[in-house]
Amino acid sequence: RVGLCIECDRPDAPPLLLECLKAWRQAPHDLTRRDSGEVVDTPDAPALPQPAPRPAKLRDVLTHWKASKPGRHAKTVRDTELALDLYESVTGNPPLSKLTIAQGDDFRAWLMKQTGSAKTASNKFNAVNGLLNYAVGQRGLIDRNPWAKLRVAISKKTKGTAWTSAEIKMIFGTALFTAYQLPGLVRAGQDAAYWVPLLALYSGARVSELCQLRV
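What this report covers is the structure whose coordinates are included nearby.

Cut-offs and rules
- Residues numbered from 1 in each chain as written.
- Predicted model: local features only at pLDDT ≥ 70, side-chain atom pairs only at ≥ 80, totals over all residues.
- Heavy atoms only, no water.
- Core = buried A, V, L, I, M, F, W, Y, C linked by side-chain atoms within 4.5 Å.
- Buried < 20%, exposed > 50% of the residue type's maximum accessible area, 1.4 Å probe, protein only.
- Helix = DSSP H or I, 4+ residues; strand = E, 2+ residues; numbered from the N terminus.
- Contact = heavy atoms within 4.5 Å.
- Salt bridge = Lys/Arg side-chain N within 4 Å of Asp/Glu carboxyl O.
- Phe/Tyr/Trp six-rings, centres within 6.5 Å; stacked < 30°, edge-to-face > 60°.
- Lys NZ or Arg CZ within 6 Å of the ring centre and 35° of its normal.

Quick look at the nonpolar core
A general trend in soluble globular proteins is that nonpolar side chains are found buried together. Grouped together as the largest cluster of nonpolar side chains are 24 residues, with contacts concentrated most on Leu58, Tyr87, Val128 and Trp147. Among the secondary structure elements, those contributing two or more residues to this core are helix H2 (58-67), helix H3 (74-91), helix H4 (101-115) and helix H5 (118-137). Broken down by element, the residue count for this core peaks at eight residues, all from H5. Apart from the residues within four sequence positions on either side, Val128 is in contact with Leu58, Ala83, Leu84, Tyr87, Phe107 and Trp147. One finds Phe172, Leu176, Phe177 and Ala193 within the second-largest nonpolar core, a separate group that totals six residues.

Considering the pattern of salt bridges
Counted by the stated rule, this structure contains twelve salt bridges. Across the pair Asp12 and Arg10 runs a salt bridge whose closest N-O atoms are separated by 2.9 Å. Within this structure, Asp30, Arg33 and Glu38 form a network of salt bridges that share partners.

A short note on the packing of aromatic side chains
Scanning the entire structure with this criterion turns up nine aromatic pairs. On the basis of an interplanar angle of 90 degrees and a centroid distance of 6.2 Å, the ring pair of Tyr87 and Phe107 is categorised as edge-to-face. Taken together, the positions of Tyr87 in helix H3 and Phe107 in helix H4 put the pair 20 residues apart, joining distant regions of the chain. No difference in accessibility class separates Tyr87 from Phe107, as the two residues are buried. Arg72 extends its terminal NZ or CZ atom over the ring of Trp65, reaching a point 3.9 Å from the ring centre.

The following block contains the structure:
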């Protein structure tokens, strides 16, 4: 009736309810005293305790990071969001002020084990590290990035071996090449699934170069 909402299952609810009842019973008497000319001061409103601010977490940075550069490529944003999901699941999503270099080392090792690719692991780790750097430099949420010196090592030397004659015969002896049976899935490339391997075989060009050719 007076607009108060009290959680009755709280341990401090009974004394609080009692104080409310006392005030409710006293109010008519104070009104009567005022009507008779007495001075009855209105009690000061109690100072409500201010809730402590919630510790900042890395996801709090994501919104500001995206807004800071509206033209950011959609794939970059999506890759960063996916990397952040992995970060939260592996680290337990601690407050930024509690993040440690050991957690970064564990996250790096986990990425290497899960992806099996140093390049993929590096991309995901760098995406998270980029948000941490933004939290330091642009938002001031933490004084330093505890993961700043961590990297996923990528070997710059890749050893390739030539296809053997038997392997080439096996690949180009499939129905795709002998009977032009194109794959049914759209994402499988359709005609490109037939032509790109042949062009690569006879030209030596990279697949990424061949896929940029125009008719």
